[in-house]
Amino acid sequence: MKLTVSEIAGYTNGKIVGNTQNTITKVITDSRKIEPGSLFVAIKGERFDGHDFIKEAYKSGAAAALSQVYIDVPEGKTLILVDDTKGALVDLAKGYRGRFNIPFIAVTGSVGKTTTKEMIHSALSVKYKTHKTSGNFNNEIGLPLTMMELSGEHECAVFEMGMSGFGEIALLSSIVMPDIAVITNIGVSHIEKLGSKENILKAKLEVCENLNKDGYLILNGDDKLLWGLKGKLPFKTIYYGIENKECDYVADKPSNDSFILGTKNIILPVLGRHNIYNALCAIAVANLLDISTDEAVRGLMSFETDGIRQSIIKFGNITFMNDYYNASPPSMEAALDVLGEQTEHRRIAVLGGMLELGEYSKEAHLGVGKYASGDKCDILITVGGDSEYIKEGFIQGGGREAYSFSDNKSAAAFLKSLLKDGDFVLIKGSRGIKMEEIYKSVTE
């Protein structure tokens, strides 16, 4: 990436102070990660104000700073003054996006969007140099930074879009201007703020506000709300599913790690029925971009988890399935499905509370507990949040052995005393519960 400070000022409607000839090669919002030739964007957050670190950024090699506050500019450096640095970062990303004429894919949904994005990237990478969202850089700051990492060598790009309320996906979509949009499902994540699944659907559909008029919308046909949109949208729509045989892409004979698509038997490098949905979506996207199903599947073989999403780890004679990036009722049930398949082991589920469920929380936790009692696990351990209701639901559903703890330290100590050779242990909960502490404590 190379942008002159004049180009940046033009995109952001900013005023240049200092050197007007600097060229920028990277955009950074964390002053600790400054590189020579970078633009430091001073963001005012809840705990820190980036404007306090502009001078430090200059000393570390930043060529320019984007600021809404005037400061004295060192010789040779540039200050670009704007009204609002967050808005200016968005405008900068929009301007930069306009330089590229490659396929852009946007992925959103309540559950599975990160894994789906990663699988799409794996499938496309067999043919194209593909850019993607790093980690969970899927908000109004992270997505623009990801956009600014595009270079001339990239042939397509996949962006993940997160949200907690109305208007957020619309903003992100206005940056990406996607040619293909994906909605993985409509769950109850953020229902505390949005009030209903219908409102969550409405918010997710904002991804279409800037969808190319000749573009495609790819939807999960097993999701009743998404299937209910069939024939009602002004876009070319493709559906994928397992149960709904009317979908364009249907997985037949699904197992824990394989399925049949048409005449092809596809084996995935990860476990879980939910990953079949992710793979179907990735294949659909790949086919739209002239990649055959065989090629797409070859790409999927390179897919790997990031260590905090359904990572299978052997520790001695005990197997851990760590899945503690986030948690919602559908993702809990999907993880329990994988655990349920491990019938040759003693199955232990260590489940943390699910956050941001509002008044739906008790019902949701009870439901997960009842689901777990249906021959999904032999021993249940819950920790934090409203997870006691998971235990309550488990007992109501006929589960026998269940324990609740208020903190990770106590849960880890109990789990450690309980473990035997041959056990299969699922550890899952919302990111805020910090379930990774349990695995680390047990395996130290």
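Report on the accompanying structure.

## Side note on the overall build of the protein
Next up, step 1: Regarding its fold elements, the protein presents 16 helices and 22 strands.
Next up, step 2: Looking at the 444 residues of the protein, the share that counts as buried comes to 56%.
Next up, step 3: Counting contacts in the protein only where the partners sit at least 6 residues apart, residues at least 24 apart contribute 62% of the total.
Next up, step 4: Carbon and sulfur atoms make up 47% of the accessible area of the protein, which totals about 19100 Å².
Next up, step 5: On the protein, the mean spot of the 49 positive side-chain charges and the mean spot of the 57 negative ones are 1 Å from each other.

## Considering unusual backbone geometry
Next up, step 1: The backbone of N13 sits at a positive phi, close to 55°, despite the residue not being glycine.
Next up, step 2: Secondary-structure assignment places N13 in the loop between α1 (5-12) and β2 (15-18).
Next up, step 3: Accessibility expressed as a relative area gives 71% for N13, which makes it exposed.

## Concerning the state of the cysteines
Next up, step 1: Within this structure, the stated rule accounts for 0 disulfides.
Next up, step 2: C281 supplies the cysteine sulfur nearest to C156, a cysteine that is in no disulfide, at a spacing of 14 Å.
Next up, step 3: Residue C156 is classed as buried on the basis of its relative accessible area, which comes to 1%.

## Some words on the nonpolar core
One broad trend across soluble globular proteins is that nonpolar side chains are buried collectively.
Next up, step 1: In terms of nonpolar packing, the biggest core is built from 80 residues, with V27, L39, F104 and L351 touching the most fellow members.
Next up, step 2: It is helix α3 (residues 85-97) that contributes the most residues to this core, 6 residues altogether.
Next up, step 3: Ignoring any residue separated from it by four or fewer positions in sequence, one finds V27 in contact with M1, L39, V41, L89, L92, L145 and M148.
Next up, step 4: With 38 residues, the next largest nonpolar core counts F259, I266, I276 and L300 among its residues.

## A look at the pairing of strand β16 (residues 264-267)
Walk down a regular strand and you will see the side chains alternate between the two sheet faces.
Next up, step 1: As paired elements, strand β15 (residues 258-261) and β16 share 4 bridges and run antiparallel to each other. In the sheet register, L261 faces β16, and the bridge partner there is K264.
Next up, step 2: Hairpin connection of β15 to β16: 2 residues between the antiparallel strands, including G262 at a positive phi of 65°.

## Side note on the environment of K94
Next up, step 1: Summarising the element assignment, K94 is placed in helix α3.
Next up, step 2: Assessed through its relative accessible area of 33%, K94 is described here as partly exposed.
Next up, step 3: C-alpha of K94 to C-alpha of H121: the two residues are 27 residues apart in sequence and 22 Å apart in space.
Next up, step 4: When residues no more than four places from it in sequence are discounted, the contact partners of K94 are S174 and I175.
Next up, step 5: Side chain to side chain, K94 and S174 meet in a polar contact 3.5 Å long.

## Quick look at the side chain of S173
Next up, step 1: Its place among the elements puts S173 in helix α6 (residues 168-176).
Next up, step 2: Judged by relative accessible area, S173 falls into the buried class, the value being 0%.
Next up, step 3: S173 has contacts with M161, P178, E206, V207 and N210, leaving out every residue within four places of it along the chain.

## Details of the environment of I102
Next up, step 1: Following the sequence through the fold, I102 ends up in the loop between α3 and β8 (104-108).
Next up, step 2: Setting aside its immediate chain neighbours within four residues, I102 contacts L150, H154, E155, C156, A157 and D179.

## Description of helix α13 (residues 361-373)
Next up, step 1: With 13 residues, α13 ought to run about 18 Å at 1.5 Å a step, and its terminal C-alpha atoms sit 19 Å apart, in line with that.
Next up, step 2: For α13, the set of buried residues is S361, A364, H365, L366, V368, G369, A372 and S373.
Next up, step 3: Buried-residue contacts for α13 involve α12 (329-340), β19 (347-352) and α14 (388-396).
Next up, step 4: Residue D375 follows α13 closely and has a positive phi angle near 60°.

## Some points on the pattern of salt bridges
Oppositely charged side chains can form a pair if their charged atoms are brought close together.
Next up, step 1: All told, the structure shown has 16 salt bridges when counted by the stated rule.
Next up, step 2: A salt bridge links E149 to K26; the nearest nitrogen and oxygen atoms lie 3.9 Å apart. Of the two residues, E149 is situated in the loop between α5 (142-147) and β10 (156-160) and K26 in strand β4 (residues 26-28); the sequence distance between them amounts to 123 residues.
Next up, step 3: Since its relative accessible area comes to 38%, E149 is described here as partly exposed.
Next up, step 4: Judged by relative accessible area, which is 27%, K26 ranks as partly exposed.
Next up, step 5: Put simply, K117, E118, K132 and E160 are held in one network by salt bridges that share partners.

What counts, and at which threshold
Residues numbered from 1 in each chain as written. Predicted model: local features only at pLDDT ≥ 70, side-chain atom pairs only at ≥ 80, totals over all residues. Heavy atoms only, no water. Helix = DSSP H or I, 4+ residues; strand = E, 2+ residues; numbered from the N terminus. Buried < 20%, exposed > 50% of the residue type's maximum accessible area, 1.4 Å probe, protein only. Contact = heavy atoms within 4.5 Å. Areas by Shrake-Rupley, 256 points an atom, 1.4 Å probe, with all protein chains shown as cover. Lys, Arg positive; Asp, Glu negative; His and termini not counted. Charge placed at Lys NZ, Arg CZ, Asp CG, Glu CD. Disulfide = S-S within 2.5 Å. Core = buried A, V, L, I, M, F, W, Y, C linked by side-chain atoms within 4.5 Å. Pairing = 2+ DSSP bridges. Polar contact = N/O pair within 3.5 Å; in protein donor to acceptor, adjacent residues only side chain to side chain. Expected span 1.5 Å × (residues − 1). Salt bridge = Lys/Arg side-chain N within 4 Å of Asp/Glu carboxyl O.

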